Amino acid sequence: MKTLKYIFLLILVMGTFQSCLVEDETRYDLNDDGPNLAGFEQARTSLSFVSDGSEYNFTVRMKVVGPRLADIQSPVTVTVAADPSSTAIEGTHFRIDQPNLTLDPNNNLLGLFPITILTSGIEAPLDVAPVLVLNVTDASGDPSVLNNGKTIQITLNYGCSSDLEGTYDVTTLYTTVAGVTSTLTWTEVITKTGVGTYRTSRVGHWAPADLGGTPGFTFMDVCDVITIPGQNLVDLYSNWVEGTDFGTVDPVTGNLFMKYSICTASGCRLYESTFVKQ
């Protein structure tokens, strides 16, 4: 009798375990019936440009995601509008010329939504960068695709017009780790690498051939204020190059002044350089 009781309990436990497995499989299968969602690829991004009266065209990436992408056979049209939470003002900071974007299965349901950034009448730098919040208000064309309901926050960075590229006569006051000072002179070529971003052709007291790597150092100009972000010496050595104070641009002559250090574990060398534009 005891043996029959144990057999009955074993069958009951096995039946309960199997029913749990069936229930889990059912919930998993239901996930395949969920909707596909259309929206922005990122939750936030930023755009940088010069406030020179021009209009700048940018794009943000959009896509469709979901469990049944392979079932989508027809193009999906998304409609985008500025969200009321935006601090950027339409017609002042931005313009949306085409609010509808088609995401085609032949292009993997990917697309680029265009935005026009306006700079006319805006004097940089601004105290606070305006933020454009975009929202997908509708998705149509395939019944399995819905609007994902998520926004993208786009920070608009207005920069001053910057044109520091060129050749300069450089005079540098060089201070060694031991505190010994000397004055060095050379001819410098500065190259523009991005919006308000530049690269010199030499760094410290070395000639480019002495170091190898990427000659010079990177610095940034924001409305006649120069900063030298922390960086490895010629992008190769562990020596740390960094501005020790804000540099300046003379708006009349175009001359530059920069102060920076190059440091190792044993101490820092200091450089105060004046760049006179040829």
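Keep in mind that what you see is a predicted model, and the values were worked out from it rather than measured.

Definitions and cut-offs
Residues numbered from 1 in each chain as written. Predicted model: local features only at pLDDT ≥ 70, side-chain atom pairs only at ≥ 80, totals over all residues. Heavy atoms only, no water. 1 Å grid on protein atoms, 1.4 Å probe; cavity = no way out; pocket = protein on both sides within 12 Å on 5 of 7 lines; lining within 4 Å. Points joined across faces, edges and corners; volume = space filled by probe spheres on them. Helix = DSSP H or I, 4+ residues; strand = E, 2+ residues; numbered from the N terminus. Nonpolar A, V, L, I, M, F, W, Y, C, P; charged D, E, K, R; others polar. Buried < 20%, exposed > 50% of the residue type's maximum accessible area, 1.4 Å probe, protein only. Contact = heavy atoms within 4.5 Å. Salt bridge = Lys/Arg side-chain N within 4 Å of Asp/Glu carboxyl O. Disulfide = S-S within 2.5 Å. Phe/Tyr/Trp six-rings, centres within 6.5 Å; stacked < 30°, edge-to-face > 60°. Polar contact = N/O pair within 3.5 Å; in protein donor to acceptor, adjacent residues only side chain to side chain. Pairing = 2+ DSSP bridges.

Chemist: Requested: an account of the layout of surface pockets, with residues and values cited.
Modeler: Volume-wise, the largest pocket comes out at about 270 Å³. Elements that contribute at least two residues to the lining of the largest pocket include exactly strand E2 (44-50), strand E10 (151-159) and strand E14 (218-222). Split into classes, the residues belonging to the lining of the largest pocket amount to 10 nonpolar, 5 polar and 1 charged.

Chemist: Could you give me a rundown of the environment of His93, with the residues and numbers involved?
Modeler: Structurally, the position occupied by His93 is in the loop between strand E4 (76-82) and strand E5 (94-95). Classification of His93 by relative accessible area gives buried; the value is 11%. On a C-alpha basis, the gap between His93 and Ile122 in space is 8.4 Å, while along the polypeptide they are 29 residues apart. Apart from residues no more than four positions distant in its own chain, His93 is found in contact with Thr87, Ala88, Thr116, Ile117, Leu118, Ile122, Pro130, Leu156 and Tyr158.

Chemist: Explain the pattern of salt bridges to me, and be specific about the residues and the numbers.
Modeler: Here the structure, examined in full by the defined rule, presents 4 salt bridges. Close ionic contact of Asp97 with Arg95 constitutes a salt bridge, the shortest N to O distance being 2.6 Å. Taking relative accessible area as the criterion, Arg95 reaches 28% and is therefore assigned partly exposed. A salt bridge links Asp235 to Arg199; its shortest N-O distance comes to 3.7 Å. You can see Asp235 sitting in the loop between strand E16 (231-232) and strand E17 (240-243) and its partner Arg199 sitting in strand E13 (residues 197-199), a full 36 residues away along the chain. Asp235 gets classed as partly exposed once you look at its relative accessible area, which sits at 48%. In this structure Arg199 comes out as buried when scored by relative accessible area, which is 11%.

Chemist: Which residues make up the side chain of Asn239, and what values do they have?
Modeler: Inspection of the secondary structure assignment puts Asn239 in the loop between E16 and E17. With near-sequence residues (within four places) excluded, Asn239 lies in contact with Gln231, Asn232, Leu233, Ile262, Cys263 and Thr264.

Chemist: Report on the state of the cysteines, specifying residues and quantitative values.
Modeler: On inspection of all chains with the given rule, the structure shows 2 disulfides. The residue that forms a disulfide with Cys263 is Cys268, at a sulfur-sulfur distance of 1.9 Å. Its torsion about the S-S bond being 110°, the disulfide of Cys263 and Cys268 is classed as right-handed. For Cys268, a relative accessible area of 36% translates into the label partly exposed. For the protein chain, the bonded cysteines pair up as 1-2, 3-4 when numbered in the order they occur along the sequence.

Chemist: Please provide a residue-by-residue account of the packing of aromatic side chains, values included.
Modeler: A full pass over the atoms with the stated rule returns 9 aromatic pairs. Ring geometry for Tyr198 versus Phe219: centroids 5.5 Å apart, planes at 20°, classification stacked. Of the two residues, Tyr198 is situated in strand E13 and Phe219 in strand E14; the sequence distance between them amounts to 21 residues. Taken as a pair, Tyr198 and Phe219 share a single burial class, namely buried. Their ring planes at 45° and their centres at 4.8 Å tell us that Phe217 and Tyr260 sit as a pair that is tilted. In this pair, Phe217 is assigned in the loop between helix H2 (208-211) and E14 and Tyr260 in strand E19 (residues 256-264), connecting sequence segments 43 residues apart. Here Phe217 falls in the buried class, since its relative accessible area comes to 1%.

Chemist: Give a detailed account of the environment of Asp52, specifying residues and quantitative values.
Modeler: As for its placement among the helices and strands, Asp52 is situated in the loop between E2 and strand E3 (55-65). Separated by 66 residues in the primary sequence, Asp52 and Leu118 have C-alpha atoms spaced 9.5 Å apart. In this structure the side chain of Asp52 is engaged in a polar contact, spanning 3.0 Å, whose partner is the side chain of Ser54. Separated by 3.1 Å, the side chains of Asp52 and Tyr56 make a polar contact.

Chemist: Describe in detail empty space enclosed by the protein, supporting the description with residues and values.
Modeler: Inspection of every chain in the model, using the stated rule, returns 1 cavity of 30 Å³ or more. Ser201, Arg202, Val203, Trp206, Ala207, Pro208, Leu211, Gly212, Pro215, Gly216 and Val234 together form the lining of the largest cavity. Looking at the lining of the largest cavity residue by residue, the class counts come to 7 nonpolar, 3 polar and 1 charged.

Chemist: How would you sum up the sheet that holds E5? Please name residues and give values.
Modeler: The sheet built from 5 strands is open, its strands ordered E5-E7-E3-E1-E9 with mixed pairing. If you trace the sheet from one side to the other, it starts and ends with E5 and strand E9 (145-147), each paired once. Examined bridge by bridge, strand E1 (residues 36-40) and E3 share 4 bridges and lie antiparallel to one another. The partner of Leu37 across the bridge, within E3, is Val65.

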